[in-house]
Amino acid sequence: MLTDFLQLTVAGLSQGSVYALLAVGLIAVYTVRHVINIAQGEFAMLAGLGSAWLTASGMPLFLAILVAILTVTLVAIAMERLIIARVKKLTPLISIILTLGVSTLLQAIMLLIWGPEAKGVPRFPGTNVLIGGVSIRSQEFWMIGALVVVGGGIVLFYEKSRWGKALRACAEQPVAARIVGISPVAASVLAFAIAGLVGAVAGVVSSPIYLSLWSGGVLLGLKGFVAAVLGGFVSFRAAIVGALMLGMIEAYVAGYVASGLRDGAAFLILILVLVVRPQGLVLKPTAVRV
Amino acid sequence: MTQATTPALAGMLSPWARFWLNNKGTIIGCGILVVLMIVFPFTASSTAMNIVVFAMIFALPAIGLNLLMGLAGQVSLGQAAFFAIGAYTHAIMLTKLHLPGPVAATIGVLAAMLVAFLVGLPIMRLRGHYLALATLGLGFIVMIGVREWDVTGRTTGIYGIARPTVLGVPIDNNGFFLWFLTPFVVIGLILALNLTRSRAGRALSAVNDSELAAESLGVNTYALRLKVFVLSAGFAGLGGVFYAYQVAIVSPATAEFHLSVSILLMVVIGGLGSVWGAVAGAFLVQFLGEGMRDAIPAIFPGATGEVQLLGYGIVLILVILLLPGGLHQAATSLWAKLPFPGRRPPADAHAQATEDDFTIPILPNVSTPVALGEPILEISGLTKRYGGVVAVNEVNLTVPAGTILGLIGPNGAGKTTCFNMISGALVPTSGTVTFLGQVISGRKPNVAASHGLTRTFQNLQVFTSTDVVGNVYMGRYRQGTAGVLRGMLGLQSAEQTAHRAAAYEILESMRLTDAADDSASDLSFGKQRMMEVCRALAAEPALLLLDEPMAGLSGAEREVMAELLRRLRSAGLTIVLVEHDVAQVMSLADHVAVLDDGVLIAHGDPESVRNDPAVVVAYLGTDLDEAEADLNELEEHV
């Protein structure tokens, strides 16, 4: 009984780490541009399929991963420069249509290059561990580790470095941000680069277990969004906690209810949170309407 | 857009002629569509027939989504979910319960609307991106649901749906099916077109320009948006019903995210807010998709699956970047370039009134629910805190009916904050605002408006997508009664004509009649401000809140405004105004209240307030003698 529960918890935490990384990317872009990037999940799939293809054609695993992550980061920057930056007035309506267009385009490109089948990156090096009957796959350590290192690094960057603080300020105080030495253009590029980077990392570490599929990014991105909503779309820490919770709830639903229903959990949580606490888990409710 | 019939002209026409003038575009457009659809089966190849049938089916969800995006300003990324709910429900009713077709179809449409209602109930309260992502999630839920449920046939879906029979004729080929389908699409189209021109449609378009101003005129944004969302799901459900008939199999693919994307693309290509655009977009996307499915495997050997998405993604991005108004924008700008006899040259919006005649030609109606001198507005303990900052602190005020109260104070004294709390735009931290015996603080602005309180704004809130008379006409919103249903059925033209005539009259009171048909955004700043006052007066309020009505007005315009306010007070209207022009306030107001640092430091008749030492100090500096000298000098200049 307990073993099953712990086993599901481990699976949930590792899956939740992936959602957490995507949520970090979504929030990074949202705080600077007020854009919900529907293409966030595609960054993950692009990196997963890309590195799977590179390793299959003989490139060493870690080199392939590095190349894929850098490429996807560049794709995210290109998206900002070539598309997002060209719109003068980004209303929520326009930003959704635009990022949906990018998401659709990226999906089609992945379909054309790598075909309709799901592909996986080879397992990362490491040995599976058995603690008290609970087996933890080495890849799950990599997934959680990626969140700790990359996600934690981004949070530290935002909270401790001058650039990170300026990025946070950019959303509310563009002038103040400029004084600290960061232009709105640079802030926007940096935000998209972070989104591309964390998306790509999430994509490559989860690919060995959960595989990468040309059309899988939308659902993955939506999970990241649910986590970001739990964090009120401003707090990285709350979003990460929310993402881990979401991963665990999904694992329990899949383990105890029905595996086919696991993806439904995210949506129900989303509706519940929006009804009960639209401002997220941590923020105080605000009464300002103007 | 309302067709160009001036009220005077419309009065002389027979009802039929008026109907023709008001609905010319719809009648001609639908006529052409019907003729095309009648002729098409005789001329088209079977491939083209297939595309046209699907284009007409998908035109329905596209029209619905277009209403949602164009009117409610919200995106649904799950239009396919409602389409699938309609299709599945219809199929289940037909194959499992063996209900007659019309009944099954109705239940299908209602099921889609019910789900939209339940999802919209919480989500439509939130603005921004939430509806888009919630509907995106709903799409996945529906897909998971139909895959996991026995009733919906899991991954196989439901098959064996019989084609309908009309008057004994089985609809068993594409030609018949197109004729069977077209009347429904045309009716849907007419309903949607009527809605965009109706009271509700105009209100929603005003909400998209300025939610605050629209709500202050009594528009219940939430309820209207929810209705449009439910309606848009109904259109999608109807599309699903026909899809089930046409394909005879309903599978989880009907809820696919990519189907939602293609419906969204139809709307974007056609142009947001353009119902005809949605229909044109449906045809374009169907042909584009078919073309891409042929072309891409030829260019990229071995490509299979949803390859048309390549084109969808590129077109979505390009349309938003290059032609954000879609086909509708392209068509209207082309039309404007064509030489067209009888087109009116644009009037000079900045023409100044030259004569020094400040009389008011027509006085707008006001409402006087309580006797003169009785308290109409009571403010008690009103406080607003932002974190540690107290913007307004424990303000108590009573305004007697039929008087003008001037609210003055230095910049940042909290005047506008006070106004926002009175009108409902801002929720007070503590304290209450009682208007006509009802507590209105903490409610939305449309609640205050429904009790007879309207306002203008310091930062102008103009409805830029309509003309000047259209702005004032929106002020009549509360006087109208037609809801979404009546609007869709087009049963409100008499009401609209009457309110339009009233709007012209109110404009005359401010001498703005010449600019009535100009775009509101082309007016000078001062004229826009006067237009806002007209808009507020159009609501026939009992209490008018004016936030700096004189700012940006020329000397002559100020005199007209002052005279109008005096006449309105004589007619019994209660007015509260915030104004920087102290001399103007002193000469207009019966009572003056002075705010400083969020605290009410003086309240009384103009004379006593003028001589109140605390006021002089607060207003003009710390040195009392110097301040008095300044004040005297200021008054001499005015």
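Residues numbered from 1 in each chain as written. Chains lettered and ligands numbered in written order. Predicted model: local features only at pLDDT ≥ 70, side-chain atom pairs only at ≥ 80, totals over all residues.

Next up on the list: the overall build of chain A. The helix and strand tally for chain A stands at 11 helices and two strands. The C-alpha atoms of chain A give 19 Å as radius of gyration, which agrees with the globular expectation for 290 residues (19 Å, within 12%). The C-alpha extent of chain A, read off along each of the three principal axes, is 55 × 45 × 35 Å. Across chain A, contacts joining residues at least 24 apart in sequence account for 77% of those joining residues at least 6 apart. (Helix = DSSP H or I, 4+ residues; strand = E, 2+ residues; numbered from the N terminus. Rg over C-alpha atoms; globule rule 2.2 N^0.38 Å. Contact = placed C-beta atoms within 7 Å.)

On to the domain arrangement of chain B, then. Residues and elements named next belong to chain B. For chain B, the domain assignment lists domain 1 (23–256) and domain 2 (375–637). The distance between the C-alpha centroids of domain 1 and domain 2 comes to 44 Å. Taken residue by residue, the interface counts 23 residues in domain 1 and 28 residues in domain 2. Only α7 (174–197), α8 (199–209), α9 (211–216) and α10 (221–247) provide two or more residues apiece to the side of domain 1 that touches domain 2. Counted by class, the side of domain 1 that touches domain 2 contains 10 nonpolar, eight polar and five charged residues. (Domains from an automatic or database assignment. Nonpolar A, V, L, I, M, F, W, Y, C, P; charged D, E, K, R; others polar.)

Summary statistics for chain A give a mean pLDDT of 87 and a share of 91% for residues scoring 70 or more. Residue range residues 284–290 of chain A is modelled with pLDDT below 50. Its contacts to residues more than four positions away, or to other chains, number 11 contacts. (pLDDT = per-residue confidence, 0-100.)

Attention now goes to the pairing of strand β13 (residues 591–596) of chain B. All names here are of chain B. The buried fraction of β13 is high, at five of six residues. Here strand β7 (residues 404–408) runs beside β13; their pairing, made up of four bridges, is parallel. The residue bridging I408 from the neighbouring strand is V594, located in β13. In this sheet, strand β14 (residues 599–604) lies alongside β13 in antiparallel orientation, the contact comprising five bridges. Note on β14: the bridge partner recorded for V592 is G604. The hairpin turn running from β13 into β14, its antiparallel successor, is two residues long, and D597 in that turn takes a positive phi close to 55°. (Buried ≥ 20, exposed ≤ 12 C-beta atoms within 10 Å, placed from the backbone. Pairing = 2+ DSSP bridges.)

Let us now look at the sheet that holds β13(B). Residues and elements named next belong to chain B. Across the sheet, which stays open at both edges, the six strands sit in the order β10-β11-β12-β7-β13-β14 with mixed pairing between neighbours. The open sheet has two edge strands with one neighbour each: β10 (453–455) and β14. In this sheet, adjacent strand axes meet at a mean angle of 15° when their direction is disregarded. Of the pairings in the sheet, the one linking β10 to strand β11 (residues 543–547) comprises three bridges and is parallel in character. Considered in β11, the bridge of L453 is made with L543. (Axes fitted to C-alpha atoms, helices over the stretch in contact; angles between N-to-C directions.)

At the junction of the two partners, chain A supplies 40 residues and chain B supplies 44 residues. For the side of chain A that touches chain B, the element with the most residues is helix α4 (residues 92–114) of chain A, which contributes 15 residues. Residues that form the side of chain A that touches chain B fall into these classes: 32 nonpolar, five polar and three charged.

What follows concerns the nonpolar core. Among the nonpolar cores identified, the biggest contains 311 residues, and A:A23 and A:A239 are the most heavily contacted of them. Three or more residues apiece are contributed to this core by two domains, here domain 1 (23–256) and domain 2 (375–637) of chain B. Those residues within four positions of A:A23 in sequence are excluded, and the remaining contacts are A:G224, A:A227, A:A228, A:G231, A:A239, A:I240 and A:A243. (Core = buried A, V, L, I, M, F, W, Y, C linked by C-beta atoms within 7 Å.)

Residues and elements named next belong to chain A. Packing of helix α2 (residues 40–56) against helix α9 (residues 217–230) brings their axes to within 7 Å, and their N-to-C directions diverge by 125°. On the basis of their axis angle, the class for α2 and α9 is oblique. Like other packed secondary-structure pairs, α2 and α9 cross with a definite hand, here right-handed. In contact with Q40, G41, E42, A44 and M45 of α2, α9 contributes G217, V218, L220, G221 and G224. (Parallel < 35°, antiparallel > 145°, perpendicular 65-115°, else oblique. Left-handed = near helix turned anticlockwise from the far one by under 90°.)

An α-helix turns once per 3.6 residues; consequently, residues spaced three or four apart project the same way. In this model, helix α13 (residues 309–322) of chain B (14 residues) spans 20 Å end to end at C-alpha, consistent with the 20 Å of a helix rising 1.5 Å per residue. For α13(B), the tally of buried residues reaches 10 of 14 residues, placing the bulk of the element in the interior. Residues of α13(B) that are buried include every one of B:L309, B:L310, B:G311, B:Y312, B:G313, B:V315, B:L316, B:I317, B:V319 and B:I320, and no others. Where the residues of α13(B) are buried, they touch α4 of chain A together with α11 (257–270), α12 (275–299) and α14 (326–337) of chain B. (Expected span 1.5 Å × (residues − 1).)

Residue and element names in this part refer to chain B. Strand β12 (residues 574–578) sits mainly inside the fold: five of its five residues count as buried. Relative to β12, β7 runs parallel, the two being bridged by four bridges. Paired with G406 across the strands is L577, a residue of β12. Following the chain from β11 across helix α21 (residues 555–570) to the adjacent parallel β12, one finds a crossover that is right-handed. (Right-handed = clockwise from strand over helix to strand, strands pointing away.)

Residues and elements named next belong to chain A. Running from N to C, helix α1 (residues 2–33) and helix α8 (residues 184–210) cross one another at 170°; their axes reach a closest spacing of 8 Å. The orientation of α1 with respect to α8, classified from their angle, is roughly antiparallel. Touching V18, L21, L22, V24, G25, A28, V29, V32 and R33 of α1 are A187, S188, A191, F192, I194, A195, V198, G199, V201, A202 and S206, all from α8. Broken down by class, the residue content of the contact of α1 with α8 amounts to 15 nonpolar, four polar and one charged.

All names here are of chain B. Spatially, β6-β5-β8-β9 is the arrangement adopted by the four strands of the open sheet, whose pairing is antiparallel. At either margin of the open sheet sits one strand with a lone partner, and together these are β6 (389–400) and β9 (438–439). By the bridge criterion, two bridges tie strand β8 (residues 430–435) to β9 in an arrangement that is antiparallel. Residue pairing in the sheet places F435 in a bridge with Q438 of β9. Strand contacts of helix α15 (residues 415–423): β5 (375–386), β6 and β8, with the helix running at about 120° to β5, the strand carrying the most contacts.

This paragraph deals with unusual backbone geometry. All names here are of chain B. Unlike most non-glycine residues, E540 shows phi in positive territory, near 50°. Relative to the elements of secondary structure, E540 occurs in the loop between α20 (525–538) and β11. Of note, E548 is a non-glycine position whose phi angle comes to about 50°, a positive value. With respect to the secondary-structure elements, E548 resides in the loop between β11 and α21.

All right, on to the confidence of the model for chain B then. All names here are of chain B. Looking at chain B as a whole, the pLDDT averages 83, with 91% of positions reaching at least 70. Segment residues 1–8: pLDDT under 50, and 11 contacts once partners within four positions in sequence are set aside and those in other chains are kept. Every residue in residues 346–355 scores below 50 in pLDDT, and together they form 11 contacts with partners more than four places removed in sequence or on other chains. As scored by the predictor, the complex reaches a pTM of 0.84 and an ipTM of 0.87.

A separate point is the environment of A:I240. Residue and element names in this part refer to chain A. The topology assignment puts I240 in helix α10 (residues 236–257). Spatially, the C-alpha atoms of I240 and A68 are 24 Å apart, while their sequence positions differ by 172 residues. In this structure, I240 is in contact with A20, A23 and G151, ignoring residues within four places of it in sequence.

Our focus in this paragraph is the environment of B:L99. Residues and elements named next belong to chain B. Within the secondary structure layout, L99 lies in the loop between α4 (79–95) and α5 (101–123). In this structure L99 comes out as partly exposed when scored by C-beta crowding, with 16 C-beta atoms within 10 Å. Setting aside its immediate chain neighbours within four residues, L99 contacts M93, L94 and A104.

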